[in-house]
Amino acid sequence: MSGHGHGHGGGHSHGCCECDHEPAERGVEYELYKRIDIEKLQCLNESRDGDGKLVFKPWDQRTDRTKFVESDADEELLFNIPFTGSVKLKGIIISGEDDESHPAEIRLYKNIPQMSFDDTSREPEQAFRLNRDPLAELEYPTKIARFSNVEHLSIHIPRNFGSESTRVYYIGLRGEYTEAYRHEVTICNYEAAANPADHKVETITPQTQFIS
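Conventions used here
- Residues numbered from 1 in each chain as written.
- Predicted model: local features only at pLDDT ≥ 70, side-chain atom pairs only at ≥ 80, totals over all residues.
- Heavy atoms only, no water.
- Helix = DSSP H or I, 4+ residues; strand = E, 2+ residues; numbered from the N terminus.
- Contact = heavy atoms within 4.5 Å.
- Phe/Tyr/Trp six-rings, centres within 6.5 Å; stacked < 30°, edge-to-face > 60°.
- Buried < 20%, exposed > 50% of the residue type's maximum accessible area, 1.4 Å probe, protein only.
- Lys NZ or Arg CZ within 6 Å of the ring centre and 35° of its normal.
- Pairing = 2+ DSSP bridges.
- Salt bridge = Lys/Arg side-chain N within 4 Å of Asp/Glu carboxyl O.

## Some details on the overall build of the protein
Logical step 1: Along the backbone of the protein there are two helices and nine strands.
Logical step 2: Scanning the protein from its N terminus toward the C terminus, one meets helices and strands in the order α-β-β-β-β-β-β-β-β-β-α.
Logical step 3: Long-range contacts, defined here as pairs at least 24 residues apart, represent 82% of the contacts in the protein between residues at least 6 apart.

## Some words on the packing of aromatic side chains
Logical step 1: Per the counting criterion, the structure on display carries five aromatic pairs.
Logical step 2: Between Phe56 and Phe79, the ring centres sit 5.8 Å apart and the planes meet at 80°, which makes this aromatic pair edge-to-face. One end of the pair, Phe56, is in the loop between strand E1 (42-44) and strand E2 (69-70); the other, Phe79, is in strand E3 (residues 77-95), and 23 residues separate them in sequence. In this pair, the class of Phe56 matches that of Phe79, namely buried.
Logical step 3: On the numbers, 6.5 Å between centres and 75° between planes, the contact of Trp59 with Tyr170 is edge-to-face. Pair noted here: Trp59 is in the loop between E1 and E2 and Tyr170 is in strand E9 (residues 170-179), with a separation of 111 residues, a long-range link. Considered together, Trp59 and Tyr170 belong to a single accessibility category, that of buried residues.
Logical step 4: What links up through ring pairs into an aromatic cluster is the set Tyr30, Trp59 and Tyr170.
Logical step 5: Sitting over the ring of Trp59, Arg62 keeps its end group 3.9 Å from the ring centre.

## Focus on the environment of Ile94
Logical step 1: Summarising the element assignment, Ile94 is placed in strand E3.
Logical step 2: Taking the relative accessible area as the measure of exposure, Ile94 reaches 1% and is therefore buried.
Logical step 3: C-alpha separation for the pair Ile94 and Ile106, spaced twelve residues apart in sequence, amounts to 9.0 Å.
Logical step 4: With residues near it in sequence (within four places) discarded, Ile94 still touches His102, Pro103, Ile106, Leu130, Asp133, Ile157, Val168, Tyr170 and Ile171.

## Comments concerning the pairing of strand E7 (residues 150-157)
Logical step 1: For E7, a buried count of seven out of eight residues is recorded, marking the element as mostly surrounded by other parts of the structure.
Logical step 2: Pairing of strand E4 (residues 105-110) with E7, which is carried by four bridges, proceeds in the antiparallel orientation. Its bridge partner lying in E7, Lys110 is registered against Leu153.

## Some words on unusual backbone geometry
As a rule of thumb, non-glycine residues mostly have phi less than zero, and peptide bonds are mostly trans rather than cis.
Logical step 1: Of note, the phi angle at Asn111 is positive, near 55°, even though the residue is not glycine.
Logical step 2: Mapped onto the fold, Asn111 is located in the loop between E4 and strand E5 (126-129).
Logical step 3: Asn111 sits in the partly exposed class, given a relative accessible area of 35%.
Logical step 4: One non-glycine residue, Gln114, lies in positive phi territory at about 55°.
Logical step 5: Within the secondary structure layout, Gln114 lies in the loop between E4 and E5.

## Focus: the pattern of salt bridges
Logical step 1: If you walk through the whole model with that rule in mind, you get eight salt bridges.
Logical step 2: Residues Asp51 and Arg48 are paired through a salt bridge, measuring 3.0 Å at the closest nitrogen-oxygen approach.
Logical step 3: Judged by relative accessible area, Asp51 falls into the buried class, the value being 7%.
Logical step 4: Accessibility expressed as a relative area gives 53% for Arg48, which makes it exposed.
Logical step 5: The residue Glu139 makes a salt bridge to Arg174 at a minimum N-O spacing of 2.7 Å. With Glu139 in the loop between E5 and strand E6 (140-141) and Arg174 in strand E9, this residue pair connects regions lying 35 residues apart in the sequence.

And the structure:
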C-alpha cells in the first residue's frame, strides 16, 4: 500500500515484442537468471524467507505453480538482484496468478545495492503498468540506453490489482551479459606459475619444454 506515483520512464500497458519467436528460441534469450548472484539476492516483504529467489527460474519452468513468492505485510515487494558481471537489460516478463494478487505495476532501478522501501520514493529508471499474465507471455521492453552496465537491478512492485497480498510465479530477464574482470585473480595465477627463467638449473634434459 505504497501510495507512490507512477514514474515517467515507462507506462507501457503491454509489450510483447517477441511473439513471432519460437518458444525455444525465446528461452535461450531469457537466461540472465543464470547470471544472478542468487545467494545475495534479497526480496523485502516476502512472507517466507528465501521465496523471492525461487521466481528466477528456467524458461521451461515459468508456469510452474509450486515455486512462488508472496508478499507479507501488504502488497509491496522489492527485489534486490546482484549480477555476477555487467548486464545490458533488454526486456522483462513478470507472471502471477490470474486474479487480483497479480502485480499491477513494476518500477525498475539500477545499481542501488541494498535498496530499501524508503529508497523507492526516488524516480525509477523505468516503470510499467502491467497486464495480468499467468502464462508469462508478455514482455515489457526496457529503454536499453538506461539499462546498460547494470551490475545490480532492483524491481519494486508497489501494488497489485486489489488483493491484500501480491503473488509472483516468474520473473524473466532478457539481455546481454559481460563477465566481470577480476585482475587480482589473474595476477595470483601468474605468480603461482613458476617462471623457468627464475630458476637456474644446471642439468636440464633436452626433451624438457617449458610452456608459457
